[in-house]
Amino acid sequence: QVQLVESGGGLVQAGGSLRLSCAASGRTGAMGWFRQTPGKEREFVSSVSRSGGSTSYADSVKGRFIISRDNAKNTVYLQMNSLKAEDTAVYYCAARSGLGLGERQWEFPYWGQGTQVTVSS
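Definitions and cut-offs
- Residues numbered from 1 in each chain as written.
- Predicted model: local features only at pLDDT ≥ 70, side-chain atom pairs only at ≥ 80, totals over all residues.
- Heavy atoms only, no water.
- Helix = DSSP H or I, 4+ residues; strand = E, 2+ residues; numbered from the N terminus.
- Rg over C-alpha atoms; globule rule 2.2 N^0.38 Å.
- Buried < 20%, exposed > 50% of the residue type's maximum accessible area, 1.4 Å probe, protein only.
- Contact = heavy atoms within 4.5 Å.
- Areas by Shrake-Rupley, 256 points an atom, 1.4 Å probe, with all protein chains shown as cover.
- Lys, Arg positive; Asp, Glu negative; His and termini not counted.
- Charge placed at Lys NZ, Arg CZ, Asp CG, Glu CD.
- Core = buried A, V, L, I, M, F, W, Y, C linked by side-chain atoms within 4.5 Å.
- Polar contact = N/O pair within 3.5 Å; in protein donor to acceptor, adjacent residues only side chain to side chain.

1. Some words on the overall build of the protein chain
Right, on to step 1. On a plain count of helices and strands, the protein chain comes out with zero helices and eleven strands.
Right, on to step 2. Secondary structure elements of the protein chain occur, N-terminal to C-terminal, as β-β-β-β-β-β-β-β-β-β-β.
Right, on to step 3. Relative to the globule expectation of 14 Å for 121 residues, the C-alpha radius of gyration of the protein chain, 13 Å, shows essentially globular dimensions.
Right, on to step 4. Its C-alpha atoms put the protein chain at 40 × 25 × 25 Å along the principal axes.
Right, on to step 5. Expressed as a percentage of the 121 residues in the protein chain, the buried residues total 46%.
Right, on to step 6. Sequence separation of 24 or more characterises 57% of the internal contacts of the protein chain that already satisfy a separation of 6 or more.
Right, on to step 7. By element, 47% of the accessible surface of the protein chain is carried by carbon and sulfur atoms, the whole surface being about 6100 Å².
Right, on to step 8. Between the averaged position of the 13 positive side-chain charges in the protein chain and that of its 9 negative side-chain charges there is a distance of 6 Å.

2. Observations concerning the nonpolar core
Right, on to step 1. Of all hydrophobic cores here, the largest spans 31 residues; its most connected members are Leu-4, Trp-33, Leu-78, Met-80 and Tyr-91.
Right, on to step 2. Of all the secondary-structure elements, those providing two or more residues to this core are strand E3 (18-24), strand E4 (31-36), strand E5 (43-48), strand E7 (65-70), strand E8 (75-80), strand E9 (89-95) and strand E11 (115-120).
Right, on to step 3. Ignoring sequence-local partners within four residues, the contact set of Leu-78 consists of Leu-18, Arg-19, Leu-20, Trp-33, Val-45, Ser-46, Phe-65, Ile-66, Ile-67 and Tyr-91.

3. Overview of the side chain of Glu-107
Right, on to step 1. Relative to the helices and strands, Glu-107 resides in the loop between E9 and strand E10 (110-111).
Right, on to step 2. A polar atom in the side chain of Glu-107 sits 2.8 Å from the backbone nitrogen of Arg-104.
Right, on to step 3. Sequence-distant contacts of Glu-107, defined by excluding residues within four places in its chain, comprise Arg-96 and Gly-102.

Written out as structure tokens, the structure is:
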């Protein structure tokens, strides 16, 4: 069982930046970030392969967010730039053990508790 712990959320003004971190208790395959706002489905944000060589982004964050990982620390990061009010959400870290990148919730068996990101306009 892999435990995931997110950090780095908070309040930021529109146009600003935040970096989220997610530390895993052990080795994982691909890792990703999802987000959810009240009354809406949890949505995919980004994922990165085990090696870090492959990444995927939702269209809504392409060009603004950057995902990366440090396997020596079992940690994945999400650098969020040019933040908009619509980026406000609880952000969840997710991990999988198998091969492949993953973009759907069911592909990730391990989840963190979530961290709140609030962007004020």
